[in-house]
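The primary structure of each chain is shown beneath.
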Amino acid sequence: MSLKIDQVLDEIDDTIDNVRGILYFYHYNCDEQDDRGWGCGYRTLQTLCSWVINIKQEYSSSIVPSITKIQEILVNLEDKPVSFIRSNQWIGTCEATMILSQLYDVDCKIMHISNGGDLLNYMSLLSKHFRDFGSPVMMGGDADAASKCILAVRSNKQLLILDPHYSGPSFTAINKLRESTYLRWYNVPNDFISSSFYNLCLPQLKKV
């Protein structure tokens, strides 16, 4: 079972803009599907889906789609060939926008950042996103192809990242997750790859 996260931070800090609402931590192998090495984009998308389901009342009885279900939807949308279903092919932010639109009628903004060093120039926009919408943000790249979920911005210098590459037993408490390396602050730009571009998927759905 995925860990429910209803309080991202264990501190009060006026310099932090963060996600608002409830989400669940989806990670490698969390549903007994061994997706290690290729499934991080699906897991980050599932985390975003869990947030949407808890925000949009009309979808409150919905379930987070499985990896196979996500693949089937992308094939039905004619974005992928039939051979994509049950394959180990990864997805990124563009596919995530299609899934969120198709399943939940949620529009997303794609933010393209040319390199890791340029991230600093977008921190104020990310802070504004959390203030305006409060939705989690999916992050992906090319040289840095590891999908990540951004949950907060601090002082326009750090990003709080939820990392789906964990493959052990699901965490039983948020404090255990905080003690791990799978929910931690990343320094910008030092903890990102300067030679990699990054794409961000920002759901334009407000948590009132």
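Because the structure is a prediction, the values reported are computed rather than measured.

**Regarding the UniProt feature "domain: UFSP1/2/DUB catalytic" (unreviewed entry) in the protein**
Under the UniProt annotation, "domain: UFSP1/2/DUB catalytic" (unreviewed entry) lies at residues 18-201. Split by type, residues 18-201 is 29% helix and 20% strand. Its first and last C-alpha atoms lie 16 Å apart.

**A closer look at the nonpolar core**
Core analysis: the largest hydrophobic core is formed by 63 residues, its most contacted members being Leu-100, Ile-150, Leu-151, Leu-159, Leu-162 and Leu-200. Setting aside residues no more than four positions away along its own chain, Leu-200 makes contact with Thr-93, Lys-109, Ile-110, Met-111, Ile-113, Leu-126, Val-137, Met-138, Met-139 and Ile-150.

**Overview of helix H4 (residues 123-132)**
Of the residues making up H4, those classed as buried are Met-123, Leu-126, Ser-127, His-129 and Phe-130. Buried residues along H4 cover an arc of 155° about the axis, so they all sit on one side. Where H4 is buried, its residues touch strand S2 (16-18), strand S5 (137-141), strand S6 (148-154), strand S7 (158-162) and strand S9 (198-203).

**Describing the pattern of salt bridges**
Going through the model one piece at a time under the given rule, you end up with nine salt bridges. The salt bridge involving Arg-36 is made with Asp-34; its shortest N-O contact spans 2.7 Å. Accessibility expressed as a relative area gives 49% for Arg-36, which makes it partly exposed. Across the pair Lys-148 and Asp-144 runs a salt bridge, and its minimum N-O distance is 2.9 Å. One continuous salt-bridge network, built from bridges that share partners, spans Asp-31, Asp-35 and Arg-43.

Conventions adopted
Residues numbered from 1 in each chain as written. Predicted model: local features only at pLDDT ≥ 70, side-chain atom pairs only at ≥ 80, totals over all residues. Heavy atoms only, no water. UniProt positions renumbered as here; feature names shortened; annotations may be inferred. Helix = DSSP H or I, 4+ residues; strand = E, 2+ residues; numbered from the N terminus. Core = buried A, V, L, I, M, F, W, Y, C linked by side-chain atoms within 4.5 Å. Buried < 20%, exposed > 50% of the residue type's maximum accessible area, 1.4 Å probe, protein only. Contact = heavy atoms within 4.5 Å. Arc of directions from axis to C-beta. Salt bridge = Lys/Arg side-chain N within 4 Å of Asp/Glu carboxyl O.

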